[in-house]
Amino acid sequence: MRRFKIITLVILVFTGVQLTGQEKGTEELKIGYGLATSTQLVYDISDIFATVFTDGYATYTDESSYGALNIDYDYSVSNVISIGMSVTYEQIRNNVNSNNKLIGKNIVGFYTFAAEVSFHYVRKQNFQMYSGVGLAYTYGTLKFNSSDPDIDSSDDKVSLGNFNLTGVGVRFGNKFGGFAEFGFGYKGIASAGFSIML
C-alpha cells in the first residue's frame, strides 16, 4: 500500500495534476537573451573549413557575438504540454585575413524561425520547471566590408536547418515573471529573460 501511495504522488507531481499554475488555454509571451548558440557553432565550423580548404590563405580572427535575442509565444494545449513559435536574432562579426594580413570584416545577421514544444513537469502558481525541443529555419545575411583596394566588398545569403533542446527551464512569478533555460541550440547554452501570461 505504501508503494502505491508513493507511485501516486510521483504521478501527480510529474503530470501536473492538482497544480494551480498555468493551465490549458494559457498564453505566454517571452523575451530572452542567450549565449553560445548552435548558429555560432555552425558559423565557426564554416570558418574552419574555409581556412582548411584555402590551405591557410584565408583566416578569421577576433570573432564577437552579441548573443541571441529571442521572442517566444507559447500556448498551453494541456496542463502539461505547450506549443509555440520563436523568432531569434543573432549578429556575429569577425576579421578576414589573407596571408596574415587584414583584408576586411564580416558582419553576419542570423534570423531564426522555430516551432517549439515544451513539457511542463512542475507547474505551480509561482514556479514552473520544463523541458522542450524546437525545430527551426535560420536565414543569414553576410556582409563583407573590404579594407583592401584590390578586393571588392560583397553581400551573400546563407540558410540552414537549426534546433534547440531545453534540458531544464525554470520560470518564477505569476502573471509577470522571469525565466532561465539551459540546453543547446539557437537560444544558446544558457538563456534568460522575462515573460508575461496573456
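The structure under discussion appears in the preceding block.
First, a word on what this report is: a plain description of the structure on this page. Quick caveat, the model's predicted, so the values are computed rather than measured.

### Thoughts on the overall build of the protein chain
For step 1, the next point in the chain: The helix and strand tally for the protein chain stands at two helices and eight strands.
For step 2, the next point in the chain: Start at the N end of the protein chain and walk to the C end: the helices and strands fall as α-β-α-β-β-β-β-β-β-β.
For step 3, the next point in the chain: In the protein chain, which comprises 198 residues, the share counted as buried stands at 38%.
For step 4, the next point in the chain: Sequence-distant contacts, at least 24 apart, represent 63% of the contacts inside the protein chain between residues at least 6 apart.
For step 5, the next point in the chain: For the protein chain, the accessible surface area stands at approximately 11100 Å², while carbon and sulfur atoms represent 67% of it.

### Some thoughts on the side chain of Thr112
For step 1, the next point in the chain: Note that Thr112 resides in strand β4 (residues 101-123).
For step 2, the next point in the chain: A residue is classified by how much of its surface remains accessible, and Thr112, at 2% relative accessible area, is buried.
For step 3, the next point in the chain: Within the structure, Thr112 has its side chain in polar contact with the side chain of Thr138 (distance 2.8 Å).

### A closer look at the sheet that holds strand β6 (residues 154-173)
For step 1, the next point in the chain: An order of β1-β2-β3-β4-β5-β6-β7-β8 is seen for the eight strands of this closed barrel, with the pairing classed as antiparallel. Neighbour to neighbour, the strand axes of the sheet diverge by 25 degrees on average, direction disregarded.
For step 2, the next point in the chain: Both β6 and strand β7 (residues 176-185) contribute to a ladder of nine bridges, which runs antiparallel. Among the inter-strand pairings, Arg171 is bridged to a residue of β7, identified as Phe179.

### As for unusual backbone geometry
For step 1, the next point in the chain: A positive phi angle is found at Ala36, which is not glycine, with a value near 60 degrees.
For step 2, the next point in the chain: Relative to the helices and strands, Ala36 resides in the loop between β1 (27-35) and α2 (38-53).
For step 3, the next point in the chain: In the Ramachandran plot, Asn100 falls in the positive-phi region, its phi being about 65 degrees despite a non-glycine side chain.
For step 4, the next point in the chain: When you line up the elements, Asn100 lands in the loop between β3 (81-98) and β4.

### Section: the nonpolar core
For step 1, the next point in the chain: Core analysis: the largest hydrophobic core is formed by eight residues, namely Tyr43, Ile92, Val96, Ile103, Val108, Phe110, Leu142 and Phe144.
For step 2, the next point in the chain: The set of elements that each furnish at least two residues to this core consists of β3, β4 and β5 (127-146).
For step 3, the next point in the chain: Per element, the largest residue contribution to this core is three residues, and it comes from β4.

### Describing the packing of aromatic side chains
For step 1, the next point in the chain: The final tally for this structure, using the stated rule, is five aromatic pairs.
For step 2, the next point in the chain: Consider the rings of Tyr43 and Phe110, whose centres lie 6.2 Å apart with planes at 75 degrees: the pair is edge-to-face. Taken together, the residues span a long stretch of sequence, with Tyr43 in helix α2 and Phe110 in strand β4 at a distance of 67 residues. In terms of burial, Tyr43 and Phe110 fall into one category: buried.
For step 3, the next point in the chain: Measuring from centroid to centroid gives 5.9 Å for Phe163 and Phe184, while their planes differ by 55 degrees, and the two rings are tilted. One end of the pair, Phe163, is in strand β6; the other, Phe184, is in strand β7, and 21 residues separate them in sequence.
For step 4, the next point in the chain: Of the residues examined, Phe184 reaches a relative accessible area of 29% and is grouped as partly exposed.

Conventions we followed
- Residues numbered from 1 in each chain as written.
- Predicted model: local features only at pLDDT ≥ 70, side-chain atom pairs only at ≥ 80, totals over all residues.
- Heavy atoms only, no water.
- Helix = DSSP H or I, 4+ residues; strand = E, 2+ residues; numbered from the N terminus.
- Buried < 20%, exposed > 50% of the residue type's maximum accessible area, 1.4 Å probe, protein only.
- Contact = heavy atoms within 4.5 Å.
- Areas by Shrake-Rupley, 256 points an atom, 1.4 Å probe, with all protein chains shown as cover.
- Polar contact = N/O pair within 3.5 Å; in protein donor to acceptor, adjacent residues only side chain to side chain.
- Pairing = 2+ DSSP bridges.
- Axes fitted to C-alpha atoms, helices over the stretch in contact; angles between N-to-C directions.
- Core = buried A, V, L, I, M, F, W, Y, C linked by side-chain atoms within 4.5 Å.
- Phe/Tyr/Trp six-rings, centres within 6.5 Å; stacked < 30°, edge-to-face > 60°.

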